[in-house]
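Inside the fold
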Amino acid sequence: MADTKREIERKYEGPAAEGDTDGDTVMPDLSRVPGVAGVVDKGVAELDATYYDTPDQRLAAASLTLRRRTGGADAGWHLKLPVSEGVRDEIQAPLSDTVPRAIAGLVRSRVRDAELVPVVRLRSARDIRHLVDDSGALLAEVSLDRVRADRLGGGASAGSAAWTELEAELADDGDPAFLDKVEKKLRKAGFKRSDSPSKLARALAETGGVGAGEAAPGKASGAGKSAPGKGSGAGKGSGSGEGRGAGKPAPEADPVTAGDHVLAYLRAQFDAIVELDPAVRRDLPDSVHSMRVATRRMRSTFRSYGKILDRAVTDPIGDELKWLAGELGVDRDHEVLTERLTESLGGLPRTLVSGPVRTRLRTWANARRGGSRRRLIAVLDGKRYLALLTTLDALVTDPPLLRAAGQDPAKAIAKAVRKDFAKVSGLVEEALDQPPGADRDHAMHEARKKAKRTRYAAEAAAPALGGPAAGLVKSMKSLQSLLGDHQDSVMTREALRELSALAHAAGENTFTYGVLYGREEQRAAAAEAELPQAWEAIATQTEL
């Protein structure tokens, strides 16, 4: 069983801390920090931590730290996930000889099939002070750590380092502004912010390793081993006439060619999938939806920019992304319907609510959700998903670029976006020509999907094409919202028919389902009535 703690801390080096191996740095007097009524000496704790990573340090490259620590009040396994500067989520699990399963899953998108091995041992003598208010409540813990780091694994790169640093960690649910007050006193005492974000980062840097936040040599931004495989772009230039991959930038390079811009967008989506994986496993708000959107963006980009990336390579990958999006959507689509129905039901006057409608809705929602959470975790732990991550890593590392990839973005990218926009235009016109009914519903649904694809294509194009592409993103988002509300109404009416049938079979009053159905018909009709004017504004204002 793993527990989660939000950690907000800052690290400092003292006047004699840099290069200090003799322990000359002393704990400063913090009794005069505003709000502090007392400083409680908690003694010295002897901590012994072994940090784990892959041999090529994929966790360090992503600023993740995984350790097994003894000593102190929280001995056990700790995984720290970055949230923002100075803020991390610490996942804790009890001591064991091997990495606990709950923690291993949270790093699987980075580690994949690689082995986790000990890379650094840190032994610290931690002199601890508690800063408390006038009621005795903890405000922050300040500790002076005398650290010795030893590189593990042997070899020529193995080395040792020693230093002293001060940590100021905010109490749970504390006001982050309090750390500013502590820092002001520390600066007056000669302390400065540490250049290293963590002890591990400093240990790796000073013992011959890769510091946290640095890319492992030869790795893409997703930090994974590229799968061997044959690319179909061989022999096809990307502008320089030197075959597949010619002209491909390093991930840090500013994009220049059409291929550069498309790859930058794809890398961003791949990074999002990898980074969101732990959040999905932890069931954090909006994580599943965000990961699903990233898969859709990648798949859509493959289709929109088929003249830049070889679709003989990307189409099979797109099929796998479609599969993953479907697995991620098992709960999400049902949640959207449930939220819409709950909101609509809440807006009805009591006189229009007949029978146990709310109970029926809860039962229906829970029945659909049962077991799906476990199923999703099983998908993320499965070989198919991990193989997809490895394939995507290989794709962004060695993409199957076609000749158009070397062209000016204003030509190749703009052409692709215009083509997508033309498809949207045709589908909207088709929907407007249809009478109300199933055919119009289908046409509007297809137009919504193409509007989303055009939006994603314009997002990829925006850094290269500027204002016109950004304007198209905004227009397509607006159109997508309008058409999406219409499609939600279609799906909600289907759900209401199902609920009504279940209620009828149980002998319940079905009047309220009919009322809600009628209201959904009105919402759909309003969207259909709004579409002509909305589309006219988009069609006349869009230039690319």
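Residues numbered from 1 in each chain as written. Predicted model: local features only at pLDDT ≥ 70, side-chain atom pairs only at ≥ 80, totals over all residues. Heavy atoms only, no water.

**Thoughts on the overall build of the protein**
Counted only if it meets this: A run of H or I in DSSP counts as a helix once it spans at least four residues, and a run of E counts as a strand once it spans at least two, with each numbered from the N terminus. Residue burial is assigned from relative accessible area. The probe radius is 1.4 Å, only protein chains are included, and a residue is buried under 20% of its type maximum, exposed over 50%, and partly exposed in between. Note on contacts: a residue pair qualifies if any of its non-hydrogen atoms lie within 4.5 Å across the two residues. Only the protein chains shown count as cover for residues, and the accessible areas themselves come from Shrake-Rupley with a 1.4 Å probe.
The helix and strand inventory of the protein stands at 15 helices and nine strands. In the protein, which comprises 544 residues, the proportion classed as buried is 49%. Expressed as a percentage of contacts within the protein between residues at least 6 apart in sequence, the contacts between residues at least 24 apart total 74%. On the protein, roughly 25,200 Å² of surface is accessible, and the fraction owed to carbon and sulfur atoms is 49%.

**Side note on the environment of A62**
Looking at the element boundaries, A62 is found in the loop between helix 1 (58–61) and strand 3 (65–70). Considered as a pair, A62 and R110 are 48 residues apart in the sequence and their alpha carbons are 8.4 Å apart. With residues up to four places along the chain from it excluded, the contact list for A62 reads P82 and R110.

**Description of a positive patch on the surface**
Our working definition: Patch membership needs two things, relative accessible area over 30% and no salt bridge, and members are linked within 9 Å if like-charged or within 5 Å if nonpolar (Val, Leu, Ile, Met, Phe, Trp, Tyr). Whenever Lys or Arg places a side-chain nitrogen within 4 Å of a carboxyl oxygen from Asp or Glu, that contact is recorded as a salt bridge. All tallies of charge rest on Lys and Arg as positive and Asp and Glu as negative; His and the ends of each chain are not included. In plain terms, the charge of a residue is placed at NZ if it is Lys, CZ if Arg, CG if Asp and CD if Glu.
Together, R303, K307, K322, K411, K415, R418, K419 and K423 make up a region of like positive charge exposed at the surface. Top element by residues in the positive patch is helix 12 (residues 409–433). It accounts for five residues. If you trace the backbone, K419 turns up in helix 12.

**Quick word on helix 4 (residues 177–188)**
Note the cut-off: Multiplying one less than the number of residues by 1.5 Å gives the expected span of a helix. Think of it as the arc spanned by the lines of direction from the helix axis to the C-beta atoms.
The end-to-end C-alpha distance of helix 4, which contains 12 residues, comes to 18 Å, matching closely the 16 Å that a straight helix rising 1.5 Å per residue would cover. Three or more residues of helix 4 are buried, namely F178, L179, V182, E183 and L186. The buried residues of helix 4 occupy an angular sector of 140° when the element is viewed end-on, so they sit on one face. Those residues of helix 4 that are exposed and aimed more than 90 degrees away from the buried face are K184 and K188.

**Some points on the environment of W77**
Our working rule: Counting of polar contacts relies on pairs of N or O atoms within 3.5 Å, with two restrictions inside protein: one atom must be capable of donating a hydrogen and the other of accepting it, and residues adjacent in sequence are counted only when both atoms are side-chain atoms.
Tracing the chain through its elements places W77 in strand 4 (residues 76–84). In this structure the side chain of W77 is engaged in a polar contact, spanning 3.1 Å, whose partner is the backbone oxygen of S96.

**A few points about unusual backbone geometry**
Here the phi dihedral of R112 falls at roughly 55°; this positive angle occurs in a residue that is not glycine. One can find R112 in the loop between helix 3 (108–111) and strand 6 (117–132). Even without being a glycine, D283 presents a positive backbone phi close to 60°.

**A closer look at the layout of surface pockets**
This is how it is decided: Using a grid of 1 Å spacing that covers the protein atoms alone, one calls a set of points a cavity when a 1.4 Å probe fits there but cannot get out, and a pocket when the set is open and has protein on both sides within 12 Å along at least five of seven lines; lining residues are those with an atom within 4 Å of a point. Grid points are joined across faces, edges and corners, and a volume is the space filled by probe spheres set on the points. Residue type decides the class: Asp, Glu, Lys and Arg count as charged, Ala, Val, Leu, Ile, Met, Phe, Trp, Tyr, Cys and Pro as nonpolar, and the leftover types, Gly among them, as polar.
Quantified by volume, the largest pocket comes out at close to 1,500 Å³. Lining the largest pocket we find 41 residues, and of these R292, R296, D333, R448 and K452 sit closest to its centre. Of all elements in the fold, only helix 7 (287–304), helix 8 (311–346), helix 9 (357–369), helix 13 (438–465) and helix 14 (467–505) reach the threshold of two or more residues within the lining of the largest pocket. The leading source of residues in the lining of the largest pocket is helix 8, at 12 residues. Its residues placed into classes, the lining of the largest pocket shows nine nonpolar, nine polar and 23 charged.

**Regarding the pattern of salt bridges**
Summed over the entire model, instances satisfying the criterion amount to 46 salt bridges. Two residues, R148 and D150, come together in a salt bridge whose shortest N-O distance is 3.3 Å. Its relative accessible area of 12% is what places D150 among the buried residues.

**Observations concerning the packing of aromatic side chains**
Rule in force here: Pairing of aromatic rings covers Phe, Tyr and the six-membered ring of Trp, with a centre-to-centre limit of 6.5 Å; geometry is then stacked below 30 degrees between planes, edge-to-face above 60, and tilted otherwise. Think of it as a cone above the ring: NZ of Lys or CZ of Arg counts as a charge over the ring if it is within 6 Å of the ring centre and within 35 degrees of the ring normal.
Here the structure, examined in full by the defined rule, presents two aromatic pairs. Taking the centre distance of 5.2 Å and the plane angle of 50° together, the rings of Y52 and W77 count as tilted. Of this pair, Y52 sits in strand 2 (residues 38–53) while W77 sits in strand 4, and the two are 25 residues apart along the sequence. The class for Y52 is buried, based on a relative accessible area of 16%. Residue classification places W77 among the buried residues on the basis of a relative accessible area of 0%. When the ring of F421 is compared with that of W535, the centres are 5.7 Å apart and the planes differ by 25°; the resulting orientation is stacked. Pair noted here: F421 is in helix 12 and W535 is in helix 15 (residues 511–541), with a separation of 114 residues, a long-range link. With respect to class, F421 is no different from W535; both count as buried. Positioned above the aromatic ring of W323, the side-chain terminus of R384 is 4.2 Å from the ring centre.

**A word on a negative patch on the surface**
On the surface, E429, E430, D433 and D439 cluster together into a patch of negative charge. In this fold, E429 is placed in helix 12.

**Here's the deal with the side chain of E165**
Examined against the element boundaries, E165 turns out to sit in strand 8 (residues 160–170). The buried category is assigned to E165, whose relative accessible area is 2%. E165 has contacts with K11, Y12, S143, L144, D145 and K199, leaving out every residue within four places of it along the chain.

**Notes on the packing of helix 6 (residues 258–281) against helix 11 (residues 383–397)**
Let me state the cut-off plainly: Lines are fitted to the C-alpha atoms to define the axes, a helix being fitted only along its stretch in contact, and any angle between axes, read from their N-to-C directions, falls within 0 to 180 degrees. In these notes the angle categories are as follows: under 35 degrees is roughly parallel, over 145 is roughly antiparallel, 65 to 115 is roughly perpendicular, and the rest is oblique. By convention the crossing between two helices is left-handed if the near helix lies anticlockwise of the far one by an angle smaller than a right angle, and right-handed if it lies clockwise.
Taken N-terminus to C-terminus, the directions of helix 6 and helix 11 make an angle of 150°; their axes are 10 Å apart at the nearest point. Taken together, helix 6 and helix 11 sit at an angle that is classed as roughly antiparallel. As for the relative orientation of helix 6 and helix 11, their crossing is left-handed in sense. Listed contacts from helix 11 to L266, R267, F270, I273, V274 and D277 of helix 6 are Y385, L389, L392, D393 and V396.

**A few points about the confidence of the model for the protein**
For clarity, the threshold we go by: Confidence scores labelled pLDDT are given residue by residue by the predictor and lie between 0 and 100.
Across the protein, pLDDT averages 88, with 88% of residues at or above 70. Taking the mean pLDDT of every element in the protein, the minimum, 85, falls on helix 9 and the maximum, 97, on strand 3. Under a pLDDT of 50 for its full length, residues 211–251 has, in the predicted model, 100 contacts with residues more than four places off or in other chains.

**With respect to the nonpolar core**
Rules: As used in this record, nonpolar core signifies buried Ala, Val, Leu, Ile, Met, Phe, Trp, Tyr and Cys residues forming a set joined through side-chain atoms within 4.5 Å.
Ranked by internal contacts, the top residues of the largest apolar core, which has 70 residues, are I273, Y305, I308, Y385, I413, M476 and L479. A total of 11 residues in this core trace back to one element, the largest contributor, which is helix 6. Membership of the second largest hydrophobic core comes to 17 residues, among which are V36, F178, V182 and F191.

**Observations concerning empty space enclosed by the protein**
To find leftover empty space, one rolls a probe the size of a water molecule over the atoms. Counting across every chain of the model gives one cavity of 30 Å³ or more. Size it by volume and the largest cavity reaches roughly 40 Å³. Contributing to the lining of the largest cavity are L341, L345, V357, L361, L496, L499, Y513 and L516. Per-class residue counts for the lining of the largest cavity are eight nonpolar, no polar and no charged.

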